[in-house]
Amino acid sequence: MDTAQFISKSNNNSVEKASFTWQTPSNIALVKYWGKSNPQIPKNASISFTLNNCHTITTIDFEKKRNSDENLKQVQIDKKVDFDLFFEGKQKDAFKPKIAEFFTRIQEYCPYIFDYKMTINSENSFPHSSGIASSASGLSAIAMCLMSLESELNPDLSAEEINKKASFLARLGSGSASRSIEGPMVVWGNHPEIAGSSDLYGVQFPYKLHSVFENYQDAILLVDKGEKQVSSTVGHNLMHEHPYAESRFTQANDNLGKMSEILQNGDIKAFVNLVESEALTLHAMMMTSNPYFILMKPNTLEIINKIWEYRNENDSNICFTLDAGANVHVLYPENEKEKVNHFIENVLSIYCQKNHYIYDSVGLGANKM
Ligand code: PMV
């Protein structure tokens, strides 16, 4: 695979001090990624809606280290990236190991990170430990800040190259983060029916989206805000010895082909069927892993049943999807917004922890602040 294209060219410009702020979104997969090989190569292609309201805002202040021989020698010996991390205004050393590991994975592609002391300030628009994964938006925001520095060092980089490399870097931190740079829909993973798709980075869905999917709504019902019992990393790894793994990977790629057609022809009934089937299949993979585990909670099932009831009774196109947790993403077209929001407020919200849910919709990707 051609990863050499992502190694930064020797710097043309010298930058002593810089600061960049990016707002990057979370995303929700319609066809799911579950299972990977090293280094963060997906076992099947996936596609997601980029979200609009759930995002991370991150500022990185870069300050070039003193260029004395002594200092350079020290850097060579340490080979450690020098950074401080603040989350919502407070120093957050607990998050540092994950970010340090991310820097180790990308150092080959961004060797300039050794030249700077970095101060990272980050905050999420959604509540901390809401069960909404913040790794996708968090890592894509860091990747965009790094790319802003890199484009000052190398002004020749085009906007397209910047986004592509940002997605490539974000992927090395968290696979789904590769889908959090652009919008409204992003494919990650090489797929014969998606032009330009790659295992190395996410690409915008390259075909015209049917109008029914414009401004699609996603209400996130916060069923369980606690720490997940099994992390995504462990879950992905359990796919290595999984008895149904190979057929799942084939199915997911077939489903992405079908989803691509649906998104273009606007067959919303087929969309509902495929999205829910993908969500339940993801959780079926968890339940049939060894060790097996269940991330859904009783209220997840209550909500699913209420959604099915509502759909039948109202001839609605509402559906649900799940990520690796108990929360439910309720998806519906914009023309049902008023009625479905009413249903969420009156019926579904009682199954949420502290009646907490978040209204979101499809978004367009990262924003420089
Ligand atoms: O990006 P990770 O390693 O946290 O994995 C995310 C996996 C799912 O959210 C369950 C599915 C997906 O495609 O986003």
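This section reports on the structure supplied with the text. (Residues numbered from 1 in each chain as written. Predicted model: local features only at pLDDT ≥ 70, side-chain atom pairs only at ≥ 80, totals over all residues. Heavy atoms only, no water.)

Examining the pattern of salt bridges
Across all of its chains, the model carries 7 salt bridges by this definition. When the shortest N-O distance is used, the salt bridge between Arg105 and Glu101 registers 2.5 Å. Taken together, the residues span about one helical turn, with Arg105 and Glu101 both in helix α2 (residues 96-106) at a distance of 4 residues. Classification of Glu101 by relative accessible area gives partly exposed; the value is 41%. Residue Asp315 pairs with Lys269 through a salt bridge whose shortest N-O separation is 3.8 Å. With Asp315 in the loop between α8 (298-314) and β11 (319-321) and Lys269 in helix α7 (residues 268-287), this residue pair connects regions lying 46 residues apart in the sequence. Of the residues examined, Asp315 reaches a relative accessible area of 62% and is grouped as exposed. Via salt bridges that share partners, Asp82, Asp84 and Lys117 belong to a single interconnected network. (Salt bridge = Lys/Arg side-chain N within 4 Å of Asp/Glu carboxyl O. Helix = DSSP H or I, 4+ residues; strand = E, 2+ residues; numbered from the N terminus. Buried < 20%, exposed > 50% of the residue type's maximum accessible area, 1.4 Å probe, protein only.)

Some thoughts on the side chain of Asp218
Of note, Asp218 is situated in strand β10 (residues 217-221). This buried residue, Asp218, is left without a salt bridge; Lys32 holds the nearest opposite charge, at 9.1 Å. Once residues within four sequence positions are removed from consideration, Asp218 is found in contact with Ile28, Leu51, His329, Val330, Leu331, Ile358, Tyr359, Asp360 and Ser361. (Lys, Arg positive; Asp, Glu negative; His and termini not counted. Contact = heavy atoms within 4.5 Å.)

Description of the site of the ligand
In the neighbourhood of the ligand, 13 residues make up the surrounding shell, with Tyr33, Ser174, Ser176, Arg179 and His236 lying closest. Here an oxygen atom of the ligand sits 3.0 Å away from a polar atom, N or O, in the main chain of Tyr33. Between the ligand and His236, the relevant distance is 3.0 Å, taken from an oxygen atom to a side-chain nitrogen or oxygen of the residue. Taken together, the residues of the shell around the ligand break down into 5 nonpolar, 5 polar and 3 charged. Each of two domains, domain 1 (4-206) and domain 2 (215-361), supplies a minimum of three residues to the shell around the ligand. (Near = heavy atom within 4 Å. Polar contact = N/O pair within 3.5 Å; in protein donor to acceptor, adjacent residues only side chain to side chain. Nonpolar A, V, L, I, M, F, W, Y, C, P; charged D, E, K, R; others polar. Domains from an automatic or database assignment.)

So yeah, pure geometry; function would need other evidence.
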